[in-house]
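Now for the letters of each chain:
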Amino acid sequence: DTATSSIDASVPPLKPSFDPTNPQAESSRLKQVIEHLGLQPHIEGGYFVETDRDTLRVPNPFLEQGTAQGSNDDAEKATRSASTTIHYLLTPISSLGAFHRNRGRTVHTLHQGRGRYVIIHADEVAAPSCPKGYDSDDVLEEQRWQGKAKIETFIVGQDVLKGEKLQWIVDGGKYKTSFLLPDEEGGDASEGLLISETVVPGFEYEDHDFMKAERMTALVTKEQAEEMWWMLRK
Ligand code: GUN
């Protein structure tokens, strides 16, 4: 089979390596890791625990000018934790971290396992202009499938000689997804992908949003979207 990905011609088409309905897939060791680290299900898929939140507060760099004055709620939003750090784990049962973006910059560090990341550099393309009366989330027919956003994909893993990454940085405003790969190339088993992520300034839900199917149509080609629908949050 010589088919290649419409996202990167040097790799095969992107598809999941694990079947979430196969309960045998999760090793008992992996269940123990989840227990010992105190990991909880993440809304993106996978499991996480916040391991650090800096008590230092810094001015919120994402505030719109002229907001956050007055109420207590606004005072809270005027600053952010300087940084937060989490453990994040993908497993054979929960093997996809669905497409989303954060406003903060995220530093990722690998501990164990292999996975593939896909980054859509949406922050580098002008947002399509939106006629009066339309919601800014709407995409007009003529704005679809132009494929203007750069898409990047790479493997994270221990094999640095093959180009696998131990560290990867994703700037704010870029859409990111990740999925678990077998521990051995061509194999079918995994002991999970365990990483750390540090976000600067610290994570807040209001800085986070999921990629919507509608938005994807305005960023990539139809062929690329067909290959990536499964990575959207259901
Ligand atoms: N709470 C829910 N998701 C996250 C996340 O990605 N990072 C942190 N620090 N907290 C979260």
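Check the entry above for the structure.
All of the points below concern the structure found in this document.

What counts, and where the lines are drawn
- Residues numbered from 1 in each chain as written.
- Predicted model: local features only at pLDDT ≥ 70, side-chain atom pairs only at ≥ 80, totals over all residues.
- Heavy atoms only, no water.
- Core = buried A, V, L, I, M, F, W, Y, C linked by side-chain atoms within 4.5 Å.
- Buried < 20%, exposed > 50% of the residue type's maximum accessible area, 1.4 Å probe, protein only.
- Helix = DSSP H or I, 4+ residues; strand = E, 2+ residues; numbered from the N terminus.
- Contact = heavy atoms within 4.5 Å.
- Near = heavy atom within 4 Å.
- Polar contact = N/O pair within 3.5 Å; in protein donor to acceptor, adjacent residues only side chain to side chain.
- Areas by Shrake-Rupley, 256 points an atom, 1.4 Å probe, with all protein chains shown as cover.
- Pairing = 2+ DSSP bridges.
- Axes fitted to C-alpha atoms, helices over the stretch in contact; angles between N-to-C directions.
- 1 Å grid on protein atoms, 1.4 Å probe; cavity = no way out; pocket = protein on both sides within 12 Å on 5 of 7 lines; lining within 4 Å.
- Points joined across faces, edges and corners; volume = space filled by probe spheres on them.
- Nonpolar A, V, L, I, M, F, W, Y, C, P; charged D, E, K, R; others polar.

We now examine the nonpolar core. Formed by 23 residues in total, the largest nonpolar core has its most connected members in Phe 99, Ile 120, Met 211, Leu 219, Val 220, Met 228 and Met 231. Listing elements by their share of this core, those giving two or more residues are strand E6 (96-102), strand E8 (114-120), strand E9 (151-156), strand E11 (175-181) and helix H4 (222-228). Counting residues per element, this core draws most heavily on E11, at 3 residues. When residues no more than four places from it in sequence are discounted, the contact partners of Met 231 are Leu 14, Leu 96, Ala 98, Phe 99, Val 118, Thr 177 and Phe 179. Counting 14 residues, the second largest nonpolar core, distinct from the first, contains Leu 90, Leu 110, Val 170 and Ile 195.

Okay, the environment of Glu 142 next. Tracing the chain through its elements places Glu 142 in the loop between E8 and E9. Note on Glu 142: relative accessible area 59%, which makes it exposed. Placed 66 residues apart in sequence, Glu 142 and His 208 show a C-alpha to C-alpha distance of 28 Å.

Right, let's talk about the site of the ligand for a bit. Around the ligand lies a shell formed by His 42, Phe 48, Glu 50, Thr 84, Ile 86, Phe 203 and Tyr 205. Here a nitrogen atom of the ligand sits 2.9 Å away from a polar atom, N or O, in the side chain of His 42. Within the complex, 91% of the 280 Å² of free accessible area of the ligand lies under protein. Contributions of two or more residues to the shell around the ligand are made by strand E2 (47-53) and strand E5 (84-90).

Spatially, E1-E2-E5-E12-E7-E10 is the arrangement adopted by the 6 strands of the open sheet, whose pairing is antiparallel. Looking at the sheet topology across the chains shown, the edges are occupied by strand E1 (40-41) and strand E10 (167-170). The pairing of strand E7 (residues 105-112) with strand E12 (residues 193-200) spans 7 bridges and is antiparallel. The residue bridging Leu 110 from the neighbouring strand is Ile 195, located in E12. Together, E2, E5, E7 and E12 form the strand contacts of helix H1 (residues 28-37), whose direction differs from that of E5 by roughly 160°.

In this section: the sheet that holds E9. The antiparallel open sheet is built from 5 strands, whose spatial order is E9-E8-E11-E6-E13. Two strands lie at the open edges of the sheet, namely E9 and strand E13 (208-210), each paired on one side alone. Taking each pair of neighbouring strands and ignoring which way they run, the sheet shows an average axis angle of 25°. Inspection of the sheet shows E8 paired to E9 by 6 bridges, in the antiparallel sense. Its bridge partner lying in E9, Tyr 117 is registered against Phe 154.

Structurally, Ser 190 is set in the loop between E11 and E12. One polar contact links the side chain of Ser 190 to the main-chain amide nitrogen of Gly 192, over a distance of 2.8 Å. Excluding anything up to four places from it in sequence, Ser 190 contacts Phe 18, Leu 30, Pro 92, Leu 180, Leu 181, Pro 182 and Asp 183.

Before going further, it helps to examine the layout of surface pockets. Here the largest pocket is characterised by a volume of approximately 590 Å³. Of all the secondary-structure elements, those providing two or more residues to the lining of the largest pocket are E8, E9 and E11. At 3 residues, the largest contribution of residues to the lining of the largest pocket is made by E9. A per-class count over the lining of the largest pocket returns 11 nonpolar, 6 polar and 9 charged.

No statement about biological role is implied by the geometric values presented.
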